[in-house]
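Working through the structure, step by step
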Amino acid sequence: MADDVTRISLDGELTIYRAADLKVSVLEALRKTRVLEIDLSGVIELDTAGLQVLMLAKQTAAAEQRELRLLQHSPAVVEIIEMLDLVAFFGDAVLIHA
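These lines cover the structure that appears in this document, whether it is placed above or below. (Residues numbered from 1 in each chain as written. Predicted model: local features only at pLDDT ≥ 70, side-chain atom pairs only at ≥ 80, totals over all residues. Heavy atoms only, no water.)

This brings us to the side chain of Thr 33. With respect to the helices, strands and loops of the structure, Thr 33 is situated in the loop between helix 1 (19–31) and strand 2 (35–46). A distance of 2.6 Å separates the side chain of Thr 33 from the backbone oxygen of Asp 4, its partner in a polar contact. (Helix = DSSP H or I, 4+ residues; strand = E, 2+ residues; numbered from the N terminus. Polar contact = N/O pair within 3.5 Å; in protein donor to acceptor, adjacent residues only side chain to side chain.)

In structure tokens:
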């Protein structure tokens, strides 16, 4: 396992139609590094399936003593996270990409 920070970007729709593929790619990226940063600035839609992938990744990171950071939250991501009162769950600074 590398001891560095890896950054990936997710864009487009994080919905049920992509959730299975996103789950595999995010968890695989997480397991290759100690700290995974996910840039969410290009996300235009987030549904509960996409949100579950992010939540699973956060829980997996904690269970495996890794760190997951969500960065550059798009307005679509901020809307869902705030609507469901999950800011504390993710524990990241919620930043809106300008």
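Our focus in this paragraph is the nonpolar core. If you look at the biggest cluster of nonpolar residues, it comprises 26 residues, and the most contacted ones within it are Leu 10, Ile 38, Leu 40 and Leu 46. Every element with two or more residues in this core is listed here: strand 1 (5–14), helix 1, strand 2, helix 2 (48–63), strand 3 (67–71) and helix 3 (75–83). With residues near it in sequence (within four places) discarded, Leu 40 still touches Leu 10, Leu 54, Leu 70, Leu 71, Gln 72, His 73, Ser 74 and Val 77. (Core = buried A, V, L, I, M, F, W, Y, C linked by side-chain atoms within 4.5 Å. Buried < 20%, exposed > 50% of the residue type's maximum accessible area, 1.4 Å probe, protein only. Contact = heavy atoms within 4.5 Å.)

Let us look at the pattern of salt bridges. One pass over the full model with this rule turns up six salt bridges. Between Arg 69 and Glu 37 there is a salt bridge, with its nearest N and O atoms 2.9 Å apart. A residue pair is termed long-range when its members are at least 10 positions apart, and Arg 69 in strand 3 and Glu 37 in strand 2 qualify at 32 residues. Among the residues examined, Glu 37 registers a relative accessible area of 11% and is labelled buried. Residue Arg 66 is joined to Glu 64 by a salt bridge in which the shortest nitrogen-to-oxygen separation is 3.1 Å. Judged by relative accessible area, which is 18%, Arg 66 ranks as buried. Here the residues in one salt-bridge network are Arg 7, Glu 37, Glu 67 and Arg 69, joined through shared partners. (Salt bridge = Lys/Arg side-chain N within 4 Å of Asp/Glu carboxyl O.)

Attention now goes to the environment of Thr 6. Relative to the assigned elements, Thr 6 resides in strand 1. Engagement of the side chain of Thr 6 in a polar contact is seen with the side chain of Thr 33, the distance being 3.2 Å.

What is shown is where atoms sit, not what they do.
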